[in-house]
Amino acid sequence: MDDRRKYNIRAGWFSILGNILLSGLKYWAGISTGSLALVADAWHSISDVVTSAIVLIGGKISRKPADDDHPFGHGRAEHIAAIIIGVVLAIVAFDFVLNGIEKLGEREHTYYSTFAWIAIIISIIMNELMTQYSFWAGKKINSTMLIADGWHHRTDALSSIIVLIGIILGRSFWWTDAVLSIIVAIMIAYASYEILSKEINSLLGESPSDELLLSIREAAQKNFDRPLHIHHIHLHNYGHHTEMSCHIKLPPEMSLNEAHDICTKIEKEIKAEFGYFTTIHPEPVKLENL
C-alpha cells in the first residue's frame, strides 16, 4: 500500500469513528439539557463523519491511474472532495444561524448538566487529536483534501471550546446558548469560506508566484553558460501531479539533436528539484542583424 493511500485511509477512518462517538455524546447531552449550541456542535461532528467519508472516496478516486479520458490522472478529485466538504460546512452554518436567531426570539434559558461538561471536554481533546493527525498526514503526502478535513476538525474543537465557555456563563445569562450557537455557526461558515476559496482557485488555475518563477529559471539555467531566456512558464496542477510548460530561446543554427539534449537536461533538472513533468518549446533567438 503506497503512502498516499495509507494516510488517506487512516485519517478517514480515525475521523469517522471518532466523530460518530462525539456526535452521539454531544447530541445526547444537547437533547437532555435543551442546548441548541450542543446540538449544533453535534451536527458539526456528524458533518465531519460525512466529510471524512468524502475524504476516503476522494482519495480512492485520486489514486486511479491516467486513462484515455483523463490523461493526467485523477488527482483533481481531491480538490473536488475538498469543495464538497466546504459546501457541507456552509449548509450546516446557515441552518444553525437560523436556529440561533429563533431561540433568541423565544428567550429560552438553558441549564447544563455534568454530562454536558464531560461530553464537551472529551470533544475538545478528540477533535484536536484528529486535527493534528490530518494536518500531519496532509503535509506528509501533500494532500489539500486532508488539510481541509483537518480544518474541519479544528473548527469543531474551537466550537466546542466556545460551548464550554457558554456552559460556564450559562447560569447567569439566558441568551448564552443561542448566541454561542450563532458564533459556532459563524466559525463553521468561515472554515467553509477558507476551504472553498482555496480549492476553487486551484481548480480555476492560479498564477505561480514570482519567487517560484525565479527558482524555476535558476534551476533550468544552472547547467548552461548560454542564457536560455526561459519564459511563458505555465503550471497545471492535477492534485499530486503537476505539469509545467515553458519556452526557451536557442541559436537558430543549432542542430535538432543539440536542442533536444538541452530540453531533456532542463526537464530532468525541473523534475528533480520541483517534481514537475515539463514540456519545453524551443524558439530561435532573433539576431539583431537579421
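As a reminder, the structure under discussion sits directly above these lines.
Procedures and definitions
Residues numbered from 1 in each chain as written. Predicted model: local features only at pLDDT ≥ 70, side-chain atom pairs only at ≥ 80, totals over all residues. Heavy atoms only, no water. Helix = DSSP H or I, 4+ residues; strand = E, 2+ residues; numbered from the N terminus. Buried < 20%, exposed > 50% of the residue type's maximum accessible area, 1.4 Å probe, protein only. Contact = heavy atoms within 4.5 Å. Areas by Shrake-Rupley, 256 points an atom, 1.4 Å probe, with all protein chains shown as cover. Expected span 1.5 Å × (residues − 1). Phe/Tyr/Trp six-rings, centres within 6.5 Å; stacked < 30°, edge-to-face > 60°. Pairing = 2+ DSSP bridges. Axes fitted to C-alpha atoms, helices over the stretch in contact; angles between N-to-C directions. Salt bridge = Lys/Arg side-chain N within 4 Å of Asp/Glu carboxyl O. Parallel < 35°, antiparallel > 145°, perpendicular 65-115°, else oblique. Left-handed = near helix turned anticlockwise from the far one by under 90°. Nonpolar A, V, L, I, M, F, W, Y, C, P; charged D, E, K, R; others polar. Core = buried A, V, L, I, M, F, W, Y, C linked by side-chain atoms within 4.5 Å.

**What to know about the overall build of the protein chain**
Step number 1: From N to C terminus, the protein chain includes eight helices and three strands.
Step number 2: The secondary structure elements of the protein chain, listed N-terminal to C-terminal, are α-α-α-α-α-α-α-β-β-α-β.
Step number 3: Looking at the protein chain as a whole, 47% of its 290 residues qualify as buried.
Step number 4: For the protein chain, the share of sequence-separated contacts (at least 6 apart) that also reach a separation of at least 24 residues comes to 73%.
Step number 5: In the structure as shown, the protein chain presents an accessible area of about 15,300 Å², 63% of it carried by carbon and sulfur atoms.

**Looking at helix α5 (residues 144-169)**
Step number 1: Between the first and last C-alpha of α5 there are 37 Å, a value that for 26 residues agrees with the 38 Å anticipated at 1.5 Å per step.
Step number 2: Of all 26 residues in α5, 19 are buried, a share of seventy percent or more.

**What to know about helix α4 (residues 114-141)**
Step number 1: With 28 residues, α4 extends 41 Å between its outermost C-alpha atoms, agreeing within 8% with the 40 Å of an ideal straight helix rising 1.5 Å per residue.
Step number 2: Asn 142, located one to two residues past α4, shows a positive phi value of around 55 degrees.

**Structural notes on the packing of aromatic side chains**
Step number 1: Tallied over the full model, the rule gives five aromatic pairs.
Step number 2: Arranged with centres 6.0 Å apart and planes meeting at 85 degrees, the rings of Phe 14 and Tyr 133 form a pair that is edge-to-face. Linking Phe 14 in helix α1 (residues 3-33) with Tyr 133 in helix α4, this pair joins segments that are 119 residues apart in sequence.
Step number 3: Judged by its relative accessible area of 33%, Phe 14 is partly exposed.
Step number 4: Among the aromatic residues, those joined into a cluster by ring pairs are Phe 14, Tyr 133 and Trp 136.

**Regarding the sheet that holds strand β3 (residues 277-284)**
Sheet strands pair via backbone hydrogen bonds, and the direction of the pair is either parallel or antiparallel.
Step number 1: Taken in spatial order, the three strands line up as β1-β2-β3 in an open sheet, and their pairing is mixed. The open sheet has two edge strands, β1 (231-238) and β3, and neither has a second partner. On average, each strand axis in the sheet is tilted by 15 degrees relative to the strand beside it, whichever way the strands run.
Step number 2: By the bridge criterion, eight bridges tie strand β2 (residues 241-250) to β3 in an arrangement that is parallel. For Ile 248, the partnering residue across the bridge sits in β3 and is Pro 282.
Step number 3: Relative to β3, helix α8 (residues 256-274) is tilted by about 145 degrees, and along the sheet it contacts β2 and β3.

**Structural notes on the side chain of Thr 278**
Step number 1: Considering the arrangement of structural elements, one finds Thr 278 in strand β3.
Step number 2: Each residue touching Thr 278, except ones within four places of it in the same chain, is listed here: Met 244, Cys 246, Glu 267 and Ile 270.

**As for the pattern of salt bridges**
Step number 1: Under the criterion given, the structure shown has three salt bridges.
Step number 2: Between Lys 222 and Glu 269 there is a salt bridge; the shortest N-O distance is 3.0 Å. Of the two residues, Lys 222 is situated in the loop between α7 (210-221) and β1 and Glu 269 in helix α8; the sequence distance between them amounts to 47 residues.
Step number 3: Among the residues examined, Lys 222 registers a relative accessible area of 52% and is labelled exposed.
Step number 4: Several salt bridges converge on common partners, so that one network encompasses Lys 222, Glu 269 and Glu 273.

**Things to note about the pairing of β2**
Step number 1: Counting buried positions along β2 yields eight of 10 residues, so the element is predominantly enclosed.
Step number 2: Where β1 and β2 come together, six bridges link them in antiparallel fashion. Counted as the bridge partner of Tyr 238 is His 241 from β2.

**Quick word on the packing of helix α3 (residues 77-106) against α5**
Step number 1: Where α3 contacts α5, the axes come no closer than 8 Å and their chain directions differ by 20 degrees. When the interaxial angle is binned, α3 and α5 end up roughly parallel. Crossing hand, α3 versus α5: left-handed. Across the interface between the two elements, Glu 78, His 79, Ala 81, Ala 82, Ile 85 and Leu 89 of α3 pack against Thr 144, Met 145, Ala 148, Asp 149 and His 152 of α5.
Step number 2: For the contact of α3 with α5, the residue count by class is six nonpolar, three polar and two charged.

**Details of the nonpolar core**
A general tendency of soluble globular proteins is for nonpolar side chains to be buried together.
Step number 1: Counting 29 residues, the largest nonpolar core has Leu 38, Leu 89, Phe 96, Ile 120, Val 163, Ile 188 and Ile 195 as the members making the most contacts within it.
Step number 2: Those residues in contact with Val 163 that lie beyond four places of it in its chain are Ala 37, Leu 38, Asp 41, Ile 120, Leu 180 and Val 184.

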